[in-house]
2 protein chains.
Amino acid sequence: MTNQKHMSAKGLLLVGHGSRLQYNKELITTTAEMMKESGGDYLIKSCFLEYSNPTVAEGLDLMRSEDLEILIVVPLFLAKGIHILRDIPKILGLEAGKKRGTFTLADGRVVPLVYAEPIGIDPLLAELMLKNAANALTLPEDA
Amino acid sequence: MTNQKHMSAKGLLLVGHGSRLQYNKELITTTAEMMKESGGDYLIKSCFLEYSNPTVAEGLDLMRSEDLEILIVVPLFLAKGIHILRDIPKILGLEAGKKRGTFTLADGRVVPLVYAEPIGIDPLLAELMLKNAANALTLPEDA
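Residues numbered from 1 in each chain as written. Chains lettered and ligands numbered in written order. Predicted model: local features only at pLDDT ≥ 70, side-chain atom pairs only at ≥ 80, totals over all residues. Heavy atoms only, no water.

Undergrad: Run through the overall build of chain A, naming residues and quoting values.
TA: Helices and strands together make up the secondary structure of chain A, namely 4 helices and 5 strands. When its helices and strands are written in sequence order, chain A yields β-α-β-α-β-α-β-β-α. With the C-alpha coordinates aligned to their principal axes, the bounding extent of chain A is approximately 65 × 35 × 30 Å. Burial statistics for chain A: of 143 residues in total, 49% are counted as buried. Sequence-distant contacts in chain A: of pairs separated by 6 or more residues, those separated by 24 or more amount to 67%. If you sum the accessible surface of chain A, you get close to 7100 Å²; carbon and sulfur atoms cover 53% of it. Looking at charge distribution, chain A has the averaged site of its 15 positive side-chain charges lying 7 Å from that of its 18 negative ones. (Helix = DSSP H or I, 4+ residues; strand = E, 2+ residues; numbered from the N terminus. Buried < 20%, exposed > 50% of the residue type's maximum accessible area, 1.4 Å probe, protein only. Contact = heavy atoms within 4.5 Å. Areas by Shrake-Rupley, 256 points an atom, 1.4 Å probe, with all protein chains shown as cover. Lys, Arg positive; Asp, Glu negative; His and termini not counted. Charge placed at Lys NZ, Arg CZ, Asp CG, Glu CD.)

So this is what it looks like as structure tokens:
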């Protein structure tokens, strides 16, 4: 049916650094869960650059079989660094310095890919750090 | 005058990782500025574990000459890792696993020191990543 309603989704691939300890993976996967709950209309998956699984290549493969209209790659990193500027773009097949590319789905369709900024300078980050400072003031005496 | 009004402040030392690139330093110092502006009653300074200046030891020295009632050390790191669990506590002279210690001011007074959590799992972080994803969708065609 040519007039069948399209259900294509915006894919959101959250990329974390990964770590030998469990904390980074927990942070990324729980943040992904929170993002799903907060009601965006994204199809969200997470992956890791190093140490943890799935890898970024595996994350991309998981996205490939979905019916996507676009793929947004969102790095959960603090700031630009060599991973943001070089390593992740390379895996995504992005041209140097570019934020837009393409993503080929398993059925052969080519959809746009956009590469989001890392956390960066943001009032929400300042708020979060003030919250952590305030929480520290309430620590029990034997903490 | 023994009944002179005390003006002691809560010191807040923001600790960043530091980087050979400028982005991490910019993130930390600008976040510190935003924290000052958002009206907390903290005396805020920032410092870095590696690559950037001032170092954590230098940051502590800058705090030492202030009239503090307490020092809160807030790591601007994503999640617990070896820097959070071992390196920073060691410089702060904290016992293993402890979040509370003491800080000796230049005039010899000993005040409490508390060690806050890194960014960690927080709805504000999920909100920030959704914001970055939404921003990526508005990138110009040639980005």
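Undergrad: Provide a residue-level description of the interface of chain A and chain B, including the pertinent values.
TA: One frequently used descriptor of interface size is the decrease in accessible area upon assembly of the parts. The interface is formed by 57 residues belonging to chain A together with 57 residues belonging to chain B. Each partner contributes to the roughly 5000 Å² buried at the junction of chain A and chain B, and carbon and sulfur atoms together form 76% of this total. Here chain A and chain B share 2 salt bridges between them. Residue Asp 122 of chain B pairs with Lys 131 of chain A through a salt bridge whose shortest N-O separation is 2.9 Å. Inspection of the region where chain A meets chain B yields 16 residue pairs in polar contact (both at pLDDT 80 or more). For the side of chain A that touches chain B, the secondary structure elements donating two or more residues are β1 (9-16), α1 (23-37), β3 (68-75), α3 (82-92), β5 (110-115) and α4 (123-137) of chain A. Considering each element in turn, the side of chain A that touches chain B owes the most residues, 14 residues, to α4 of chain A. In the side of chain A that touches chain B, the residues fall into 38 nonpolar, 7 polar and 12 charged. (Buried area = accessible area lost by both parts, 1.4 Å probe. Salt bridge = Lys/Arg side-chain N within 4 Å of Asp/Glu carboxyl O. Polar contact = N/O pair within 3.5 Å; in protein donor to acceptor, adjacent residues only side chain to side chain. Nonpolar A, V, L, I, M, F, W, Y, C, P; charged D, E, K, R; others polar.)

Undergrad: Quick rundown of the pattern of salt bridges? Include the residues and the values.
TA: Residue and element names in this part refer to chain A. Evaluated as defined, the whole model comprises 20 salt bridges over all chains. Put simply, Lys 10 and Glu 69 hold a salt bridge, and the shortest N to O gap is 3.6 Å. Here the residue Lys 10 occupies a position in strand β1, and Glu 69 occupies one in strand β3, the gap between them amounting to 59 residues. By relative accessible area, Glu 69 is classed as partly exposed at 38%. Three or more residues joined by partner-sharing salt bridges are found here, namely Asp 67, Asp 107 and Arg 109.

Undergrad: Break down the sheet that holds β1 of chain A for me, citing the residues and quoting the values.
TA: Sheet strands line up and pair through hydrogen bonds in the backbone, either parallel or antiparallel. All names here are of chain A. Here we have 5 strands laid out as an open sheet, ordered β2-β1-β3-β5-β4, and mixed in their pairing. Where the open sheet ends on each side, the last strands, each with one partner, are β2 (42-48) and β4 (100-104). Strand-to-strand, the axes of this sheet are offset by a mean angle of 25°, without reference to chain direction. Bridge analysis of β1 against β2 gives 7 bridges, and the strand direction is parallel. (Pairing = 2+ DSSP bridges. Axes fitted to C-alpha atoms, helices over the stretch in contact; angles between N-to-C directions.)

Undergrad: Break down the packing of α4 of chain A against helix α1 (residues 23-37) of chain B for me, citing the residues and quoting the values.
TA: At a minimum axis distance of 9 Å, the contact between α4 of chain A and α1 of chain B shows a crossing angle of 70°. Considered as vectors, α4 of chain A and α1 of chain B are oriented roughly perpendicular to each other. Contacts between α4 of chain A and α1 of chain B pair Pro 123, Leu 125, Ala 126, Met 129 and Leu 130 of chain A from the former with Leu 27, Thr 31, Met 34 and Met 35 of chain B from the latter. Tallied by class, residues from the contact of α4 of chain A with α1 of chain B come to 8 nonpolar, 1 polar and no charged. (Parallel < 35°, antiparallel > 145°, perpendicular 65-115°, else oblique.)

Undergrad: Can you break down the relation of the copies chain A and chain B residue by residue, with the values?
TA: Rotating chain A by 180° and translating it 0.0 Å along the rotation axis places it on chain B, where the RMSD comes to 0.0 Å. On this basis, the relationship between the two copies can be described by a two-fold rotation axis. Residue Leu 124 of chain A of chain A places its C-alpha closer to the rotation axis than any other residue of that unit, at 3.1 Å. Same-surface contact between copies: 100% of interface residues of chain A are shared with the interface of chain B. (Least-squares fit on C-alpha atoms with pLDDT ≥ 70 in both.)

Undergrad: Mind laying out the sheet that holds strand β5 (residues 110-115) of chain B, listing which residues take part and the relevant values?
TA: Residue and element names in this part refer to chain B. The 5 strands lie next to each other as β2-β1-β3-β5-β4, forming an open sheet whose pairing is mixed. Of all the strands in the sheet, just β2 (42-48) and β4 (100-104) have a single pairing partner and so form its edges. Sheet twist, expressed as the mean angle between neighbouring strand axes with direction ignored, is 25°. Where strand β1 (residues 9-16) lies against strand β3 (residues 68-75), 7 bridges are found, and the strand directions are parallel. Among the inter-strand pairings, Lys 10 is bridged to a residue of β3, identified as Ile 70.

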